[in-house]
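Secondary and tertiary structure notes
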Amino acid sequence: MNPESVISELRDTTLKALDAAATLEALETIRVDALGRKGKLAEVSKTFGKLAPEERKSLGILLNAAKQELESGLDSRKSALESVALDARLASEWFDLTTPAPGIRPGHLHPVTQVQREIEDLFVSLGFAIMDGPEVEQEYYNFDALNIPADHPARDMQDTFWLKDGRLLRTHTSPVQIRALEKLGAPLKMIAPGRVFRNEEVDPSHEHTFYQLEGMMVDRDVSVAHLIYFMKTLLSAIFHREVTVRLRPGFFPFVEPGFELDIQCLICAGKGCPVCKQSGWVELLPCGLVHPAVLRSGGLDPDEWNGFAFGLGLTRLAMMRYAIDDIRLFASGDLRFLNQF
Amino acid sequence: MKFSYNWLRDMVKGLDASPEVLERLITIKTAECEGIEVHGADFIIEVDNKSLTHRPDLWGHFGMAREVSAITGQPLRDPVMPQNFTAKNPPVKVSIDDYSLCPRYSALAFDNVTVKPSPSWLQQRLEAVGLNPINNIVDVTNFVMAELAQPMHAFDADKLHDGPIQVRTAAQGEIIEALNGESYELDPSALVIADPKGAIAIAGIIGGAGSAISEKTTRLVLESANFNAAHIRKTSSKIRLRTDASMRFEKAQDPVNTVRALERAYELLLEVSPGIRMVGGLADAYRPPKEPAPIVLPLDWLARKLGRSLPAEEVQRILEALMFKVERIDAGTLSVFVPTWRATKDVAIKEDLVEEIGRMVGYASILPTAPLAAATVPAPSVERVFHHSVRDAAVGQGFTEVYNYSFLSEELAQRFSLDPDAHIRVTNPIVADQNLMRTSLLPGIWKNIVDNTRHFDSFRLFEIGREVHPDREVPHFVAAIFAKDDGVAGLHELKRLAECLLPGSESRPSPGARKFEHPQRATDLLHAGTLFGRLFEFHPRMIEHGRAAVLDIDLQALMQLRSSNVKYQQLRRFPSSSFDLSVVAGPRALIADVQAAMKTLAGEALVSIEFLRDFTLPTGDRSVSYRLTAGAPDRTMSAEEVTSVRNAVIEGMRAAGYELRV
Ligand SMILES: [Zn+2]
């Protein structure tokens, strides 16, 4: 057989073998057999030494062409086999991603904590400091310093838990007004969230323990217009929407003038329900201009300083935010309730 | 306080606002209304008493009629016809011991009295505002009170002993049988009305039974007096008796009103007891209080307070509608005279006038304005931020936040090894046994666990709250894990939580677990020798069908420990070498002790020691494995040096009685 026929036959049989190879291993065997250093093509080239240079040259071209053809055939067959293998692996790795993930689920912050933090962040961004005061409070800070002397009938407005040692459980966060003025002086912008206590019978809308957030701003020039501005800013941020509010006279001895800021009940949209005592309005915010007697208690001259103050009911706010119709759930410790937030 | 719509209409000429409109106007301008009730042909507007605390004049219909007239601009009709009683020939002699306690005592006397049921119009008016009709005489006194806010009292003159009426403090132990059938023992802190034989009324609060009006009464003495507000309030709370009279007096009534009330009552008595005759003139013991100076109101100050300016004419018009007298001092300043019924305590300073003007002009008319305040960095709230970070850590690890009450029963305190006498006690608890202030959050958490086991097989919860001790309030963090297993996982999880909150914290089992703790599963938590918390499992007696692990951390201590300064240590420039060692320890040996011993033995060359695992051998002993890393800051340790460290640890541990598996 002449060398041309040997090369072309070798090429044809190898290409056939490549097509028939079913695994990468078989492919490798074929490669070594045909293209390896001691493979069949190498064998053929060894016989070229005896030939004339012209003949050797043309055979060399022929050999190279066959080699390239086989290599590319090998590559394409190899990638075809690899892709089949990958497909098979992928097909075997099916995983049901609807399976619940193992491990602990995050817990839940108390709804009052969530509301409180949101409002704290809001006020901190407005330059307010966050202050705190004791839950067991002296009569002086809870009443006298706030322009509520011992014989003042306003003391009846807040049913007080009295303690055997003569102190009391703070009935509001307002004592922090005095403590903050004593500590930081004026000008002052502060809020004071915290737990307060009233000796009240418990029902769906009354609790003896609840949460307030006191706010106070004292500066040279503070007006009712400023107060309204702050309250509007605050409420639109809290409720993320327009809410209907109204201001009306309210009596609190530590402010003059004093207001009740009402918000239209979000549970019943003003139609009347147990939370709003069927009135359609919920008292949200007692507020007013700081009474001169309170400024004096805080060591300030009322001719030089003015201020506004407000008390936000955090518990009530959480009830409105989440449409909770029973205030007693907050202290129930019931995870069926708390895990909803 | 109940206000009759028809009664108000009698006093405001041409009032055309419907009850609903009127209710809204009163709420927006004056005081909070709580609703309207239909009563026959009348409508009763209920006003929240709390919002009348500072308004003595609004405890009668005429006071509210004044407000309505000022709000609507419709003219006011005064129900009182001046009678010009003569002060000559007073029917009784009145002596007042202390005019600061009783600024005024006025009285009339009548004979030829007929006691019978009131006419129906009078009964209906009283019933409409929640007062029970009794007889024509008593009904007149109640009617005048409901109309003019002036409490009155009628005595049967035949049951009084001859002599002067004295207003004096009670004798120690003086007893009076009151109209309500109760008997009150008084002391000198109370004021009484007395005849020569003894007390006939507790001043301003209730009359005595002995001189009560009865069907047989034919002669009467009609009292209309004024008392010190604080004093009435003190006596009323001391004897635990609040009456329609005391509620009004404690708001500081206007002494000018006593005679007006007698004038009104006189007219009514003529109508309801035909043939009645007044005996003598007016008895009137009165020391008028010093007339208060007018309030100087600068209009630019007013504008700065309200945040809007108002022309002098409008301010004057508003104040005059509310019956203040106004004089112009100059173009920018008013002099304001307060009417007597607003002057007793309600309106005294210029800030009070801001409210009067603001509410009448309407707060909705004030344009919200951003304050011109300097931008300042607020004082940092370190504790608040820290508490929130603890909350976040707990929530991230699956704990849900609970809030518990601050109250505790003595029984529960004892169950939690707390001495009831070391607690602040509540004088007037909401429930008799909830009378201690909690000095631990554990009882509340325990109750949460027990309650939630009814609904869940496993759960995690936590609370941040204050322990309230007599001398301090300490914020605590308590977390709990409940599961129906052997409890080990829960304890480990909580220990891990403690380490997340305070890296480098250690546990040290303390002998003498408290009785609610599992005696073999309780440990103190320390950091650099400072105690900051406790980790334990509840005693099986405390929790049925499951186990609860609890972590209790003093947040004050934790915050201080956490804020200790962190200083950067230069990274090691030379490689270190590690080797593993397994130590066999006794069944109840503490791993912490094993680790501490190895640490000491490795000495300065130790870079780190890492716990790998422990398991129980068939013998019951435990095999504990550690990876130790040794190195030097200034060079690479030679293999010989590392081996010598390893040998020192091995030999040392053997000398200490541990077996080593090498
Ligand atoms: Zn509602």
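Here the residue index of a chain counts from 1 through its sequence in written order. Labels follow written order: the first chain is A, the first ligand is 1, and so on. Given that the model is predicted, a residue must reach a pLDDT of at least 70 before its local features are reported, and side-chain atom pairs must reach 80 or more before they are shown or counted; all residues, however, enter totals for whole chains, interfaces and linings. The basis for every side-chain value is the complete set of non-hydrogen atoms in the structure, without hydrogens or water.

Let's talk about the overall build of chain B
- The numbering of helices and of strands both runs from the N terminus, where a helix is a DSSP run of H or I of at least 4 residues and a strand a run of E of at least 2. Secondary structure assignment for chain B yields 19 helices and 30 strands.
- Based on C-alpha atoms, the radius of gyration is set beside the globule rule, defined as 2.2 Å times the residue count to the power 0.38. Against the 2.2 N^0.38 benchmark of 26 Å for 662 residues, chain B shows a C-alpha radius of gyration of 40 Å, more extended than a compact globule.
- Overall size of chain B, expressed as C-alpha extent along the three principal axes, is 125 × 60 × 45 Å.
- Exposed residues in this analysis have more than 50% of their type's maximum accessible area, buried residues have under 20%, and partly exposed residues fall in between, with area computed by a 1.4 Å probe over protein chains only. In chain B, which comprises 662 residues, the share counted as buried stands at 53%.
- Approximately 30100 Å² of chain B is accessible, and the part contributed by carbon and sulfur atoms is 51%.
- Measuring between centres, the 74 positive side-chain charges of chain B sit 3 Å from its 85 negative side-chain charges. Note on areas: Shrake-Rupley, 1.4 Å probe, and residue coverage restricted to the protein chains presented here. In this tally, Asp and Glu contribute negative charge and Lys and Arg positive charge; neither His nor the terminal groups of the chain are included. The location of each charge is read from NZ of Lys, CZ of Arg, CG of Asp or CD of Glu.

Concerning the pairing of strand β7 (residues 255-264) of chain A
Residue and element names in this part refer to chain A.
- Most of β7 sits inside the fold, with nine of its 10 residues counted as buried.
- Two strands are said to pair when DSSP picks up at least two bridges between them. By the bridge criterion, five bridges tie strand β6 (residues 245-249) to β7 in an arrangement that is antiparallel. Counted as the bridge partner of Pro249 is Phe259 from β7.
- The turn joining β6 and β7, which pair antiparallel and follow one another in sequence, is formed by five residues.
- Summarising the sheet, β7 and strand β8 (residues 281-290) pair through eight bridges and their orientation is antiparallel. Residue pairing in the sheet places Ile263 in a bridge with Val282 of β8.

Here we look at the sheet that holds strand β11 (residues 198-202) of chain B
Residue and element names in this part refer to chain B.
- Strand order in the open sheet formed by five strands is β4-β7-β10-β11-β12, with mixed pairing between adjacent strands. Every interior strand has two partners, whereas the edge strands, β4 (94-96) and β12 (206-207), have only one.
- Summarising the sheet, strand β7 (residues 165-169) and strand β10 (residues 191-195) pair through four bridges and their orientation is antiparallel. Residue Thr169 lies in a different strand from β10, and its bridge partner there is Leu191.

A word on the pattern of salt bridges
- In what follows, salt bridge is the name for a side-chain nitrogen of Lys or Arg lying within 4 Å of a carboxyl oxygen of Asp or Glu. Throughout the structure, instances matching the rule amount to 64 salt bridges over all chains.
- Between Asp132(A) and Arg466(B) there is a salt bridge, with the nearest N and O atoms lying 2.8 Å from each other. With Asp132(A) in the loop between β1 (129-130) and β2 (136-137) and Arg466(B) in strand β21 (residues 459-469), this pair bridges two chains.
- For Glu537(B), the salt bridge is made with Arg547(B), and the minimal N-O distance between the two is 2.6 Å. With Glu537(B) in strand β25 (residues 530-538) and Arg547(B) in strand β26 (residues 547-554), this pair connects stretches of sequence that are 10 residues apart.

Side note on the domain arrangement of chain B
- The domain boundaries here were taken from an automatic or database domain assignment. Split by domain assignment, chain B resolves into domain 1 (2-72), domain 2 (94-286), domain 3 (295-362), domain 4 (383-565) and domain 5 (577-661).
- Relative placement of domain 2 of chain B and domain 4 of chain B: their C-alpha centres are 60 Å apart.

Quick word on the sheet that holds strand β13 (residues 220-226) of chain B
Residue and element names in this part refer to chain B.
- Spatially, β6-β13-β5-β14 is the arrangement adopted by the four strands of the open sheet, whose pairing is antiparallel. Where the open sheet ends on each side, the last strands, each with one partner, are β6 (153-156) and β14 (277-286). When the angles between neighbouring strand axes are averaged without regard to direction, this sheet yields 20 degrees.
- Summarising the sheet, strand β5 (residues 104-111) and β14 pair through seven bridges and their orientation is antiparallel. Among the inter-strand pairings, Ala109 is bridged to a residue of β14, identified as Val279. Think of each axis as a best-fit line through the C-alpha atoms, taken over the contacting stretch in the case of a helix, with angles from 0 to 180 degrees between the N-to-C directions.

Things to note about the nonpolar core
- Among the buried residues, those of types Ala, Val, Leu, Ile, Met, Phe, Trp, Tyr and Cys that are joined through side-chain atoms within 4.5 Å form a nonpolar core. Formed by 104 residues in total, the largest nonpolar core has its most connected members in Ile119(A), Leu284(A), Leu297(B), Ile357(B) and Phe538(B).
- Of the residues forming this core, the biggest block, 10 residues, is contributed by helix α8 (residues 224-239) of chain A.
- Whether two residues are in contact is decided by their heavy atoms: any pair within 4.5 Å suffices. Non-local contacts of Phe538(B), meaning those with residues more than four positions away in its chain, are made with Phe416(B), Trp446(B), Ile449(B), Phe516(B), Glu517(B), His518(B), Ile543(B), Ala548(B) and Val550(B).
- Counting 55 residues, the second largest nonpolar core, distinct from the first, contains Leu15(B), Leu122(B), Met145(B) and Ile213(B).

A few points about the environment of Thr114(B)
Residue and element names in this part refer to chain B.
- Its place among the elements puts Thr114 in the loop between β5 and α4 (120-128).
- Each C-alpha atom of the pair Thr114 and Leu269 lies 9.9 Å from the other, and the pair is 155 residues apart in sequence.
- Leave out the neighbours within four places in its chain, and Thr114 touches Asn136, Ile137, Ser273 and Pro274.

A few points about the packing of helix α5 (residues 111-125) of chain A against helix α10 (residues 314-322) of chain A
Residues and elements named next belong to chain A.
- With their axes 9 Å apart at the nearest point, α5 and α10 run at an angle of 105 degrees to one another. Taken together, the axes of α5 and α10 lie roughly perpendicular to each other. Residue-level contacts link Pro111, Val112, Gln114, Val115, Gln116, Glu118 and Ile119 of α5 to Leu314, Thr315, Leu317, Ala318, Arg321 and Tyr322 of α10.
- Under the scheme applied, nonpolar residues are Ala, Val, Leu, Ile, Met, Phe, Trp, Tyr, Cys and Pro; charged residues are Asp, Glu, Lys and Arg; polar residues are all the others, including Gly. In the contact of α5 with α10, the residues fall into eight nonpolar, three polar and two charged. Should an angle fall under 35 degrees it is called roughly parallel, over 145 degrees roughly antiparallel, and 65 to 115 degrees roughly perpendicular, with every other angle called oblique.

Topic: the confidence of the model for chain B
- Within a predicted model, pLDDT stands for the predictor's per-residue confidence, ranging from 0 to 100. Model confidence for chain B is summarised by a mean pLDDT of 94, while 99% of its residues fall at 70 or above.
- Under the prediction, the complex receives an ipTM of 0.85, its pTM being 0.84.

A short note on the domain arrangement of chain A
- Entries for chain A in the domain assignment read domain 1 (3-92) and domain 2 (111-338).
- Computed over C-alpha atoms, the centres of domain 1 of chain A and domain 2 of chain A are 89 Å apart.

Considering the packing of helix α5 (residues 136-148) of chain B against helix α8 (residues 257-272) of chain B
Residues and elements named next belong to chain B.
- Two elements in contact, α5 and α8, have axes separated by 9 Å at closest approach and are oriented at 140 degrees. Classified by the angle their axes make, α5 and α8 are oblique. In this structure, α5 crosses over α8, and the sense of that crossing is right-handed. In contact with Asn136, Ile137, Val140, Phe143, Val144, Glu147 and Leu148 of α5, α8 contributes Asn257, Arg260, Ala261, Arg264, Ala265, Leu268, Leu269 and Val272.
- Across the contact of α5 with α8, the residue classes tally to 10 nonpolar, two polar and three charged. For a crossing to be left-handed, the near helix must be turned anticlockwise from the far one by less than a right angle; the clockwise case is right-handed.

Overview of helix α13 (residues 382-396) of chain B
- The terminal C-alpha atoms of α13(B) lie 21 Å apart, and with 15 residues this matches the ideal 21 Å at 1.5 Å per residue to within 8%.
- Residues of α13(B) that are buried include every one of Arg384(B), Phe386(B), His387(B), His388(B), Val390(B), Arg391(B), Ala394(B) and Val395(B), and no others. Given the number of residues in a helix, its expected span is that number minus one, multiplied by 1.5 Å.

Points about the side chain of Asn135(B)
All names here are of chain B.
- Structurally, Asn135 is set in the loop between α4 and α5.
- Owing to a relative accessible area of 8%, Asn135 belongs among the buried residues under this scheme.
- By the criterion applied in these results, polar contacts are pairs of N or O atoms within 3.5 Å in which, for protein atoms, one can donate a hydrogen and the other can accept it, and in which residues neighboring in sequence qualify only through two side-chain atoms. At 3.1 Å, the side chain of Asn135 and the backbone nitrogen of Ile137 are in polar contact.
- Within the structure, the side chain of Asn135 is placed 2.9 Å from the backbone nitrogen of Val138, a separation counted as a polar contact.
- The residues contacting Asn135, other than those within four sequence positions of it, are Val115, Lys116, Ser118 and Ile213.

Observations concerning the interface of chain B and chain A
- Counting residues at the interface gives 76 residues for chain B and 89 residues for chain A.
- Buried surface at the junction of chain B and chain A, summed over both partners, amounts to about 7100 Å²; 56% is from carbon and sulfur atoms.
- Across the pair Arg384(B) and Glu120(A) runs a salt bridge whose closest N-O atoms are separated by 3.6 Å.
- Across the contact surface, chain B and chain A share 37 residue pairs in polar contact (both at pLDDT 80 or more). By buried area we mean how much accessible surface two parts lose on assembly, using a 1.4 Å probe and totalling the loss over both.

Quick look at the confidence of the model for chain A
- On average, residues of chain A score 90 in pLDDT, and 98% of them are at 70 or above.
- For chain A, per-element mean pLDDT is lowest for helix α3 (residues 40-46) of chain A, which scores 82, and highest for β2(A), which scores 97.

Considerations on the pairing of strand β2 (residues 33-39) of chain B
- As paired elements, β2(B) and strand β3 (residues 42-47) of chain B share six bridges and run antiparallel to each other. Paired with Glu37(B) across the two strands is Ile44(B), which belongs to β3(B).

Things to note about the packing of aromatic side chains
- The rule is short: rings of Phe, Tyr and Trp, with Trp giving its six-membered ring, pair when the centres are within 6.5 Å, and they are stacked under 30 degrees, edge-to-face over 60, tilted in between. According to the stated counting rule, one finds 31 aromatic pairs over all chains in the structure shown.
- Seen in terms of ring centroids, Tyr211(A) and Tyr403(B) are 4.9 Å apart; in terms of plane orientation they differ by 55 degrees. Their pairing is tilted. One end of the pair, Tyr211(A), is in strand β5 (residues 209-219); the other, Tyr403(B), is in the loop between β18 (400-401) and β19 (407-408), on a second chain.
- Each ring, one from Phe516(B) and one from Phe538(B), has its centre 6.2 Å from the other, and the planes form 50 degrees; the classification is tilted. You can see Phe516(B) sitting in the loop between β23 (506-509) and β24 (517-527) and its partner Phe538(B) sitting in strand β25, a full 22 residues away along the chain. Across the pair, Phe538(B) and Phe516(B) agree in class, each one buried.

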